[in-house]
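A look at the structure
The chain contents come next:
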Amino acid sequence: MAFGGKQPAARVAGMSRSNADITVAISTIGTGIERLRLPEARAGLTYLILVQQPPSQIATPEVKRADVRVETLPSVGLSHSRNAAIDLCETPFLLFADDDMALNPKGISALSVHLEQDAELALAAGWRDTAFHAYRRSKQRHALTLFNSGRVCAPEFMVRVDKVKQSNLRFDTGFGVGAPLPTGEDYIFVTDLLKRGLKAQSFPIKTGHHIGASTGRNWQDATLLHARRAVLSRVFGPRAPLVACAYALRHYRKFSGPDAAFAFCCGRLGPTTSHDTSEGRR
């Protein structure tokens, strides 16, 4: 899959370079910026709003805040937006989010402490509120691997920007909303980071929750099933068929039936449909 390059951007409104340590990069598209609701300002935290297909006028009150910077992008696709966030980030740490998420600034700041304390740590992952209560391992600090990082997604993970840039690490633009394979971009990013020998850990910290509909809970859409299977191939290569069988067995009840689960294992899924990217992100 092709990887996105640097994204030219146009600044709409915002702030000069600050003393903030953390940038929260929020991806949005079109009029999605109108539903943006940010927490109260917190020291050390700044927001970078990345707008694809921007409306003719951005009147959202949040964009006028001193801790907010807005950039419009000519690209389309969530992974392109994430890559632009890496390019435009001016702080040591960067957390990714979307416009339909409720953020927890206290948790985000707590997550950054672990990056500050461990100079070798390239990625620190927290938890969405719902996932925190659904996973037994959420209460324990643990290392992330190719096999346990599939649950990691925005707004859960924060990266050390200099290590990401030094490793030339990018989001794969073939995956994610707006791409031919509209899911899995965060998981692929995390596993690419691990394959480069960088350190990533999970911590029992809640960083926010996802308000809108999530592609992760949709098991009936043929396009998303194709994308999930392609994600496994992207991450595991020749081992993907075996991993796909284990994955299908674990999520067996979520498939429409045994035939669908078997087709997933074999990579013989039915026809797909195109996804409209003009509304929500995930």
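Conventions used here
Residues numbered from 1 in each chain as written. Predicted model: local features only at pLDDT ≥ 70, side-chain atom pairs only at ≥ 80, totals over all residues. Heavy atoms only, no water. Helix = DSSP H or I, 4+ residues; strand = E, 2+ residues; numbered from the N terminus. Contact = heavy atoms within 4.5 Å. Areas by Shrake-Rupley, 256 points an atom, 1.4 Å probe, with all protein chains shown as cover. pLDDT = per-residue confidence, 0-100. Axes fitted to C-alpha atoms, helices over the stretch in contact; angles between N-to-C directions. Parallel < 35°, antiparallel > 145°, perpendicular 65-115°, else oblique. Left-handed = near helix turned anticlockwise from the far one by under 90°. Nonpolar A, V, L, I, M, F, W, Y, C, P; charged D, E, K, R; others polar. Polar contact = N/O pair within 3.5 Å; in protein donor to acceptor, adjacent residues only side chain to side chain. Phe/Tyr/Trp six-rings, centres within 6.5 Å; stacked < 30°, edge-to-face > 60°. Buried < 20%, exposed > 50% of the residue type's maximum accessible area, 1.4 Å probe, protein only.

A tally of helices and strands in the chain yields 8 helices and 10 strands. The long-range share in the chain, meaning contacts at least 24 apart out of those at least 6 apart in sequence, stands at 74%. Here the chain displays about 12,800 Å² of accessible surface, and carbon together with sulfur accounts for 53% of that area.

Turning our eyes to something else, we now look at the confidence of the model for the chain. Scored by pLDDT, the chain comes out at a mean of 88, with 88% of its residues at no less than 70. Predicted confidence is poor over residues 1-7, with pLDDT under 50, and the contacts of this stretch with residues over four places away or in other chains come to 26 contacts. In this model residues 13-18 is a low-confidence stretch, pLDDT under 50, and it forms 12 contacts with partners more than four residues away in sequence or in other chains.

Any two packed helices are characterised by how steeply their axes cross, that is the angle between the axes, and by the distance between the axes. The interhelical angle for the contact between helix α6 (residues 222-236) and helix α7 (residues 240-250), taken along N-to-C directions, is 135°, at an axis separation of 9 Å. One way to sum up the angle between α6 and α7 is to call them oblique. Between α6 and α7 lies a crossing of right-handed hand. Note on element contacts: α7 touches α6 through Ala-240, Pro-241, Val-243, Ala-244 and Tyr-247, opposite Arg-228, Arg-229, Leu-232, Ser-233 and Phe-236. In terms of residue class, the contact of α6 with α7 is made up of 7 nonpolar, 1 polar and 2 charged.

Along the chain, the position of Thr-46 falls in strand β3 (residues 45-52). For Thr-46, the side chain forms a polar contact with the main-chain oxygen of Asp-67, separated by 3.0 Å.

Interhelical geometry of α7 versus helix α8 (residues 258-266) gives an angle of 160° and a closest axis separation of 8 Å. Judged by the angle between their axes, α7 and α8 are roughly antiparallel. Helix-helix and strand crossings are classified by hand; for α7 and α8 the assignment is right-handed. For the pair formed by α7 and α8, the contact residues are Pro-241, Ala-244, Cys-245, Tyr-247 and Ala-248 on the first element and Ala-261, Phe-264 and Cys-265 on the second. Among the residues forming the contact of α7 with α8, the class breakdown is 8 nonpolar, no polar and no charged.

The next thing to look at is the packing of aromatic side chains. Counted by the stated rule, this structure contains 11 aromatic pairs. Ring centres 5.1 Å apart and planes at 80° place the aromatic pair Phe-96 and Phe-171 in the edge-to-face group. A residue pair is termed long-range when its members are at least 10 positions apart, and Phe-96 in strand β5 (residues 93-98) and Phe-171 in the loop between α4 (161-166) and α5 (185-195) qualify at 75 residues. What makes Phe-96 buried here is its relative accessible area of 1%.

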